[in-house]
Amino acid sequence: RAAPRARGVHNVCRLLTRRAHGFYARDAGVAHRKNLGLLRKIMCQESTKFKNVWTTHSASPIAYERGRIYMDNYQCCYSSIAQEPRILYQKSKCAKSEKIEDALLLECPLGEMLPNPSDYKASLIVLTVQNWLLRLSADSGEVLEKVYLAGSCCKFFRYLSWDTPQEVMIVKSAQNKLPAAARQAGIQQTVMFYLAVFQVLPLSFIGMLEINKKIFGNSVTDVAVSNGILIVMYSMGLVRLYNFKAILEQFMEQPFDLGQEFNWNGQVGVVGKYPFGLPCNIKITDTPPLLFEASSLENAFQIGGYPWHYIITPNKKKHKGVFHICSLKDNTLAKNGIQDMKCCSLEPDWIYFHPDMSGRIIHVGPNLIKVLKLKEVKNHADQMEIAEDFTIVANRENCVNNAVTVTASGRVVKKRFTLLDDDPEQETFKIVDYEDELDLLSTVAVTQIGADGRAHLDFHCNEHGILLKSIPLKESWDVTYSHEVYFDKDLVLHIEQKPNRRFSCHVYQMVCDTARED
């Protein structure tokens, strides 16, 4: 048993670290890690190019999920895992009553026994405008399961999200609003939202609850659930956190299973079947214990890092673009914890915890990307400071913005204005993303050249920020349109929304330079 281990290594922590890095050939995933390492090296070679292999246009939104391109409100699906996208399925056009409002991709969990063979393949969970929750085969579009959500309590479910990714799903209603006649009659609306909670694969109903003003306060504007935390947002910028799991356990009146016959509050029906839907079986009768609260401009609030920290913007408009990084334990501001790029731009800078789980922070401005890290203050182990890990700077070498110029005749001309930091004629960062399988940080930078905008996608080393590869995008990039760029292993996909609901999708595939090969 000791043979595969590195001789002389007896420390448990070192052994676990070496195993995570793939030092032992018989460990699961070693071959996959090696293959991804080879793919990264091939991709970053100078001779490797990305070729625009496919472009399509649509009058409806285009979505991308794990190698699949969805069009026509998820009625048409293309696989992008080929030399060029090929159609997987094309369903007949659906009626307006069957329109899909939201969707989540569901993938099979590893190492678990599932009841149905179809559960082992990827599927798509969709929410229709008529409050049906459908599980579709990701490869054929076939309906595998269907659940009717709306009983007498709620008629407008609109949003899908993960509480725990690929494990617990939240279906949220639109904000409840009374008809105008009811409001004129003085009737008060106390229930703001409904949340339905499901365990996935196999799909099972956990419960439904309401977010009521009588419990959470009159100024509630929105609600979300993430990683076992109920997040309630208020109109004055206040954000409050509650233990969602504890709420489910404390206020659950009666558990129900999908397909179970029930008699609930005078209603008789089958759980998840039309017309009864789901019972509201979680009744919050008292304010749950508060875990944490903070006040932030526009309810912007993020938690991450190690030890735990949170990011807010002070709740005044004059502080927009100023970010405070504070300890979750005692609310103390970290040393150098006020981050302010002092940008003069139309679009604000943005900040978030790095998705690679390193605890670092990414701060993106028009011409500068800062990757920050938390570290202990020297000689003060209980205090943390924010330090710069590395920066990525936009290429503005040819940009000259002198406030004073001298003409050929010697006349001095003073400019009455200065360029914005995100002026279209200067290279500006628009998108920053992270490819977890290849451990690459990707950036999209755009420069307006005359009537056309030119963009390029750059790959940077996630550890040190070194530029490894730059890919020019062939199509023009208009900064006034909405854009999405996906980088998925050997695929780059650009989706843009043009005026009058016109959508375009451009697909790039990794290819070798044939001239070099010859």
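If you're wondering where the values come from, they're calculated on a predicted model, not measured in any experiment. (Residues numbered from 1 in each chain as written. Predicted model: local features only at pLDDT ≥ 70, side-chain atom pairs only at ≥ 80, totals over all residues. Heavy atoms only, no water.)

A. Focus on the pattern of salt bridges. Going through the model one piece at a time under the given rule, you end up with 15 salt bridges. Between Asp139 and Arg68 there is a salt bridge whose closest N-O contact spans 3.1 Å. With Asp139 in the loop between β8 (132-137) and β9 (143-148) and Arg68 in strand β3 (residues 68-71), this residue pair connects regions lying 71 residues apart in the sequence. Overall, the relative accessible area of 36% leaves Asp139 in the partly exposed class. Notably, a salt bridge pairs Asp389 with Arg360, separated by 2.9 Å at the nearest N-O pair. Of this pair, Asp389 sits in strand β27 (residues 380-393) while Arg360 sits in the loop between β24 (350-353) and β25 (361-364); the two residues are 29 residues apart in sequence, bridging distant segments of the chain. Classification of Arg360 by relative accessible area gives buried; the value is 9%. Connected through salt bridges with shared partners, the residues Asp356, Arg360, Lys373 and Asp389 form a single ionic network. (Salt bridge = Lys/Arg side-chain N within 4 Å of Asp/Glu carboxyl O. Helix = DSSP H or I, 4+ residues; strand = E, 2+ residues; numbered from the N terminus. Buried < 20%, exposed > 50% of the residue type's maximum accessible area, 1.4 Å probe, protein only.)

B. Fine view of unusual backbone geometry. With an omega dihedral of 5°, the bond running from Tyr274 to Pro275 counts as a cis peptide bond. Topologically, Pro275 is positioned in the loop between β18 (267-270) and β19 (290-295). Backbone torsion omega between Tyr306 and Pro307 reads -5°, so that peptide bond is classified as cis. With respect to the element layout, Pro307 can be found in the loop between β20 (301-304) and β21 (309-312). Notably, Tyr74 is not glycine yet its phi reads approximately 70°, a positive angle. Within the fold, Tyr74 resides in the loop between β3 and β4 (76-79). You will see that Asn500, though not glycine, has its phi angle at about 60°, which is positive.

C. Representation of the sheet that holds strand β12 (residues 191-199) in the model. With antiparallel pairing, 4 strands are arranged side by side in an open sheet as β10-β11-β12-β13. Only two strands of the sheet have a single neighbouring strand rather than two, namely β10 (157-164) and β13 (204-212). Averaged over all neighbouring strand pairs, the angle between strand axes comes to 20°, with direction disregarded. Across the sheet, helix α5 (residues 244-251) is in contact with β10, β11 (168-173), β12 and β13; its angle to β13 comes to roughly 95°. (Pairing = 2+ DSSP bridges. Axes fitted to C-alpha atoms, helices over the stretch in contact; angles between N-to-C directions. Contact = heavy atoms within 4.5 Å.)

D. How the structure looks around the sheet that holds strand β33 (residues 467-472). The strand order across the open sheet formed by 4 strands is β30-β31-β32-β33, and the pairing between neighbours is antiparallel. Each edge of the open sheet carries a strand with a single partner, namely β30 (428-435) and β33. Looking at each pair of strands side by side, their axes are set apart by 20° on average, direction ignored. Summarising the sheet, strand β31 (residues 440-449) and strand β32 (residues 452-461) pair through 10 bridges and their orientation is antiparallel.

E. Up close: the side chain of Lys370. Within the secondary structure layout, Lys370 lies in strand β26 (residues 368-377). This buried residue, Lys370, is left without a salt bridge; Glu388 holds the nearest opposite charge, at 4.5 Å. Residues in contact with Lys370, not counting those within four places in the same chain, are Gln339, Met341, Ile361, Ile362, His363, Glu388, Phe390 and Thr391. (Lys, Arg positive; Asp, Glu negative; His and termini not counted.)

F. Local environment of the UniProt feature "transmembrane region" (unreviewed entry) in the protein. Within this structure's numbering, the places UniProt gives as "transmembrane region" (unreviewed entry) are residues 191-211 and 223-242. Helix makes up 0% of residues 191-211 and strand 81%. Its end C-alpha atoms lie 6 Å apart. Helix makes up 0% of residues 223-242 and strand makes up 75%, while its end C-alpha atoms are separated by 11 Å. (UniProt positions renumbered as here; feature names shortened; annotations may be inferred.)

G. Broad picture of the layout of surface pockets. The computed volume of the largest pocket comes to approximately 1300 Å³. Taken together, 37 residues form the lining of the largest pocket, with Trp162, Pro165, Pro355, Asp433 and Asp436 sitting closest to its centre. Looking at the lining of the largest pocket, the elements that each hand over two or more residues are β2 (63-65), β6 (100-106), β15 (229-234), β16 (238-243), β20, β30 and β34 (482-488). When the residues that make up the lining of the largest pocket are grouped by side-chain class, the tally is 22 nonpolar, 6 polar and 9 charged. Along the walls of the second largest pocket sit 33 residues, with Ser60, Pro61, Asn73, Tyr74 and Ile100 positioned nearest its centre. For the lining of the second largest pocket, the elements supplying multiple residues, two or more each, are β2, β3, β6, β34 and β35 (491-498). (1 Å grid on protein atoms, 1.4 Å probe; cavity = no way out; pocket = protein on both sides within 12 Å on 5 of 7 lines; lining within 4 Å. Points joined across faces, edges and corners; volume = space filled by probe spheres on them. Nonpolar A, V, L, I, M, F, W, Y, C, P; charged D, E, K, R; others polar.)

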